[in-house]
Amino acid sequence: MQRILRLSLPLAATLAGASTLLAPGSAQASGLDAPLVGTGFSGPVSRDAAAIWFNPAQLGYLKKGELLMGAGLIIGDIRYTRNYTGTYQTPDSFQFKTPLDPAYIDATKSGMQEQVKANPIAPTGNIFFAYPVIKDRLVLGAGFYVPYAAALNFPKDGPQRLQVQQAFIVSSNLTGSVALRINDYVALGAGASYVMGFAELSKLQDFAGVQEFGQGLANPPINQANDFGPNAPSEVRELDVLSRPISLKRAVSHSATFNVGVAINPTKKMNIGLNYQHSTNMHYHGRFAIDMNDSFFTHDLASQGVQFKPLVTGDALLTFKLPKRLTAGFGYDINEFFRVDGFFSYIFYSDIQNFAVTTKSPDLAQPALGIGDTLTVNLPRMWKNTVWVEGNLRYWATKRMRLSGTLGYQSPASPDSTIDTASPDGHRLIGGVGGLLQVSERVGLVADARMQGILPRTVTGSDYDLGNGTYKLFIAAIAGHLKINF
Amino acid sequence: MPAPRIVPVALTLALAALGGCVDEVTVPAPEVPGELAPGQTRTIELRFLRFDVDGFQQVMTIDDVRALPKKTLDELWLLDFHLGETLDTVLAQLRDMSPSEADGLPQAARNMRNLLNMTPDNASLVGTKLEEAVSLAGTVGIPPAKVLAAIPQIMVTDNLVPPDIVSEVVLELLVGSHPVTQFRKGPVTDEHPDGLYPVAPGSIPMTLADLATNFASLADRFGPTPLDPNDPMSPVHPGFIDDAYGISIVEEDFKMSVKVSVNALPFKGVDLGDLSVASVNSIASQVDTLFDFNDPEWMTVEGLADEMVIQELTMSIHENDKFVLGGDARDPKPNGNSEIWDLPPWEFERLIMESAARRTALIAPHCDEYKLATDTLAFEACIDAEGWTELTTFADIGDPPPPAYFWDILVEVAQVRLHDGGLAEGDADVQFTLTDVRIPIDPDALLEQIKENFQRDPSALASVAERVNDAAEGDADFFYYQPERSNSPNLQGDYLYFVTEADIRKDAEALPVREYTYARPGFFADPDLSDKVSNLQVIDGDETHEKIKVVTGDVLYMEDDAGRRFKLSVGEKPSPSRISLEITRI
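If you're wondering where the values come from, they're calculated on a predicted model, not measured in any experiment.

Participant: Can you walk me through unusual backbone geometry in this structure?
Facilitator: A negative phi angle characterises most non-glycine residues, just as the trans form characterises most peptide bonds. All names here are of chain B. Cis rather than trans, the peptide bond between Asp 331 and Pro 332 has omega equal to -5 degrees. Note on placement: Pro 332 falls in the loop between strand S12 (299–317) and helix H12 (348–360). The omega torsion of the bond from Lys 333 to Pro 334 falls at 10 degrees, within 30 degrees of zero and hence cis. Tracing the sequence through the fold places Pro 334 in the loop between S12 and H12.

Participant: Is there a simple way to think about the packing of H12 of chain B against helix H13 (residues 406–418) of chain B in this case?
Facilitator: For any two helices packed against each other, one specifies the crossing angle of their axes together with the interaxial distance. Residue and element names in this part refer to chain B. The interhelical angle for the contact between H12 and H13, taken along N-to-C directions, is 140 degrees, at an axis separation of 8 Å. With respect to their mutual orientation, H12 and H13 come out oblique. Two packed elements cross with a definite hand, and for H12 against H13 that hand is right-handed. Across the interface between the two elements, Phe 348, Glu 349, Ile 352, Met 353, Ala 356, Ala 357 and Thr 360 of H12 pack against Phe 406, Trp 407, Leu 410, Val 411, Ala 414, Gln 415 and Leu 418 of H13. In terms of residue class, the contact of H12 with H13 is made up of 11 nonpolar, two polar and one charged.

Participant: Explanation requested: the packing of helix H9 (residues 163–175) of chain B against H12 of chain B in the structure shown.
Facilitator: Residue and element names in this part refer to chain B. Orientation of H9 relative to H12, taken along the N-to-C sense of each, is 130 degrees, at an axis distance of 9 Å. Judged by the angle between their axes, H9 and H12 are oblique. When you trace H9 past H12, the crossing you get is right-handed. Across the interface between the two elements, Ile 165, Val 166, Val 169, Val 170, Leu 173 and Leu 174 of H9 pack against Arg 350, Leu 351, Glu 354, Ser 355, Arg 358 and Arg 359 of H12.

Participant: Got a minute to help me understand the interface of chain A and chain B in this structure?
Facilitator: Many descriptions give the size of an interface as the accessible area lost when the pieces come together. Facing 48 residues of chain A, the contacting portion of chain B comprises 44 residues. Secondary-structure elements contributing two or more residues to the side of chain A that touches chain B are strand S3 (121–134), strand S4 (138–153), strand S5 (166–181), strand S6 (186–206), strand S7 (243–264), strand S9 (280–291) and helix H4 (295–300) of chain A. Across the side of chain A that touches chain B, the residue classes tally to 27 nonpolar, 15 polar and six charged.

Participant: How should I be thinking about the nonpolar core in this particular structure?
Facilitator: Soluble globular proteins: nonpolar side chains tend toward being buried together. Membership of the largest hydrophobic core comes to 241 residues, with the highest contact counts inside it found for Ala 50 and Ala 167 of chain A together with Ala 356, Leu 410, Phe 478 and Phe 479 of chain B. Among the elements that make up this core, the one with the highest residue count is S4 of chain A (nine residues). Residues lining this core come from more than one domain, with at least three contributed by each of domain 1 (41–57 + 266–286 + 471–585) and domain 2 (119–158 + 319–428) of chain B.

Participant: When you look at the domain arrangement of chain B in this model, what are you seeing that I'm missing?
Facilitator: For chain B, the assigned domains are domain 1 (41–57 + 266–286 + 471–585) and domain 2 (119–158 + 319–428). One C-alpha centre belongs to domain 1 of chain B, the other to domain 2 of chain B, and the line joining them spans 75 Å.

Participant: Any chance you could explain the sheet that holds strand S13 (residues 366–371) of chain B here in plain terms?
Facilitator: Sheets are built from strands that pair by backbone hydrogen bonding, the pairs being arranged parallel or antiparallel. All names here are of chain B. The strand order across the open sheet built from four strands is S13-S14-S15-S16, with neighbouring strands paired in antiparallel fashion. A single partner strand is all that each edge strand has here, and the edge strands are S13 and strand S16 (404–405). Here five bridges tie strand S14 (residues 377–383) to strand S15 (residues 388–393), and the two strands are oriented antiparallel to one another. Considered in S15, the bridge of Cys 382 is made with Glu 390.

Participant: Explanation requested: helix H14 (residues 443–456) of chain B in the structure shown.
Facilitator: Residue pairs spaced three or four apart in an α-helix point in one direction, given the helix's 3.6 residues per turn. Residues and elements named next belong to chain B. The terminal C-alpha atoms of H14 lie 20 Å apart, and with 14 residues this matches the ideal 20 Å at 1.5 Å per residue to within 8%. Here H14 has its buried residues at Ile 450, Lys 451 and Phe 454. What you see down the axis of H14 is that its buried residues fit within an arc of 100 degrees, all on one side. In this structure, H14 carries Ala 445, Glu 448, Glu 452 and Arg 456 as exposed residues pointing more than 90 degrees from its buried face. The inward-facing, buried residues of H14 contact strand S3 (77–82), S12 and helix H15 (458–468).

Rules behind the numbers
- Residues numbered from 1 in each chain as written.
- Chains lettered and ligands numbered in written order.
- Predicted model: local features only at pLDDT ≥ 70, side-chain atom pairs only at ≥ 80, totals over all residues.
- Helix = DSSP H or I, 4+ residues; strand = E, 2+ residues; numbered from the N terminus.
- Axes fitted to C-alpha atoms, helices over the stretch in contact; angles between N-to-C directions.
- Parallel < 35°, antiparallel > 145°, perpendicular 65-115°, else oblique.
- Left-handed = near helix turned anticlockwise from the far one by under 90°.
- Contact = placed C-beta atoms within 7 Å.
- Nonpolar A, V, L, I, M, F, W, Y, C, P; charged D, E, K, R; others polar.
- Core = buried A, V, L, I, M, F, W, Y, C linked by C-beta atoms within 7 Å.
- Buried ≥ 20, exposed ≤ 12 C-beta atoms within 10 Å, placed from the backbone.
- Domains from an automatic or database assignment.
- Pairing = 2+ DSSP bridges.
- Expected span 1.5 Å × (residues − 1).
- Arc of directions from axis to C-beta.

Here's what the structure looks like:
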């Protein structure tokens, strides 16, 4: 039974893009996404109202109306031990071109650093409703659910501070579905979703990685060849003066997407489900604020046209695409007590090569450097397509109680070159248990616990040493649902 | 985009409220520093950040230049602009003026024009001693012009005094005697303790202000000026430019650029008055390494015109109020006894006398004999190597004029002719106005000269760089410095520099915002300031600042410009390029 779609990477994308605001090279959170959509019994071959999300075709086999609603809590433990493998200058200096004078090299900035961790707790919830408007033929459904949610709260001064400090992301879908039961063997379904996203985050923005900053320095009137920009080597990164606190607040996205599915029942015991979830273009509109309160930016170079206000605020637009995915599910009733099911998803994360972030503020403009009031930055992600497989064993313990166990695996999307604490990605193992108590003929209660964690991932190939180190991730989600049939 | 008022919004925002604990970036309001009370202590942190730019091109348009403070413009000497070509052009334009144009000139100017054009052929000798010589020539049937031309050995249509000689003399005497063409202001140095520098002969000092304003102040600068501005009784040079209008020497696309290699950031220091962090302009202290003179492109100028155009120029030459006679004796040698030699060099008579003398110096000693038709020698005109000119008659044809130096003869002619038209003595001050004067300029040569001058004294240009890169803020009493990393390890470290007069912040007019009133500049080991521990050690070329190397735990004492005394304790270093100072007013 498929339960939770591959949410972590979209969340990572969201965070990554948002936190990029001004500079590529800072990454974002991902790993906190263990939102429960539906119950542990939901999936692409499950016939419940949560099929609105998993496979709307399965709605076609609902005999009665169904209301499924619940709430949950996501608890995470994310740990990161940064490993400096590059060469850095002393952070309170300002050498902008390699090779560095050895006198400026910070010999202490090397090797493993103190471990940082985040223990986010985030609520989630959903509600699904489905009703057969034409018995055994046509079922309509509607649902509101939160497929993506993440929260991070790393130390503000930790080694990851240039990747992410704090983040909070949710993405909710309001979906209307329709399912057409062709016959006992085949049903078709489709849904259209309004997607609302909400994002906030903070980090230190490294101007050393900002293309415009490097160009402004290189262009007239300053004319200084420099190594700043997206490809800046570690030698010129993470300088105190160029590491500016930035926050994105109240960023809201309104988008739309759809899904289509088919349910096939070759035999009475065997179910097959196919679902296509279309990609979603996310456009987060919010406000950014960046602390430029260093005399380097506010005063010392004013005569050269470099003069920011101490606090620059303005509009921010974060855009990226949540990837499309194909899911194939399979279920088989072994006997009256046991059932096995599972799914295989192929997710087109390679759609995401960059996150585009646009900030706009008249206070950003530095005409003398050719920097206008609008800045668009791409954060390279270069993600790979991923697979997600899960298998479930269902067991009717009693006539009123049904139990479920889940094992699964997700492959990582982030390559070593772009991974960071915003998307602590890796080979993810998934496990879960759940139980359904049918209180009455119409009312059921579902409780689920689900855990996932990545195998500790040690990265040494991060571009420009931005994210080398060891990543650990563990997420637990618990949820309770009320299921009412009528 | 406004959010639709639907359930998802409410729920999402509710979730956000629950979990949205991302702190918004804010900037705290700056602390308002205040004066320390005696016994009060405050800790302050300074950073030394080096932003070493190499070949940083500082480009200034004509508008940028014009925006500089007047003091900066006036004090930035570019070159001594030689007026030779200018005077040649001006005098030629006067000389070649058409008769109809000349009719518009004042009588004295018309007379001067005639003098410039005077040849043996057109010379009117009426009223001069030469009038008799002319009559002698007539007696023997020889054209008078031929006699007059024979003495200076010229053709009858040649100028009696060539234009180049007139121009040369006007330049040397009239222009050269003006105080502004003799000295210009510059930096006070050991070699020039009065801050005065000689101007190249025949030149006027050209400043950035002249360039920026297209010589707008030309008439003021080269008008009447006391020879000694400090002496109210001083003689006054009458000047030579009465008015100059519509001068253009730079085009509107003028662009001056210099490449500098410099730490572009100011030094961070402490204003002891209120214990605030202040910025000290760092340009002046880097003047020795500011420019790479080996780079031929270290300075470029575009938009210098290839000719200076003066739409209207009024010049004047003043005559002496009385008729001063030419000499009539050989002694005293070598000039003779004319009082004209004692006149001020800017007066018309003196200019003529000098021109005539220089013309005379070109004449080889010779005698010209003039005979009657009977081949009888009638008279002889001789001039010797000293210019003494003598006419001798042999037949009974009349009395020759008395002998005199040739310049004495010419100056008489010139004086008489200057008063043609009924001008009384003293009324023949020459003033003439020329329009559309075009003086050729070699921009490349000008630029080379400017570059050579700056290379000799980069501090002049550094003052402009300091203005253009004005990063001073507040009024530091001392600042924090770290020597360049290329220095030896024992020189590396944290230094405190006490400010010098050059570090005082300048206002919009480039004037110091405060006087340098430190009674005891430097750092001391005792509260009585009797044991100075700072010195003028040379670091990175700086030898003007009282400086001291400090390490954690050091205690120093100092006094600010208001006489308040402070104790300074060096705290733990926050980072390699930062320093923490605990300052107590005592």
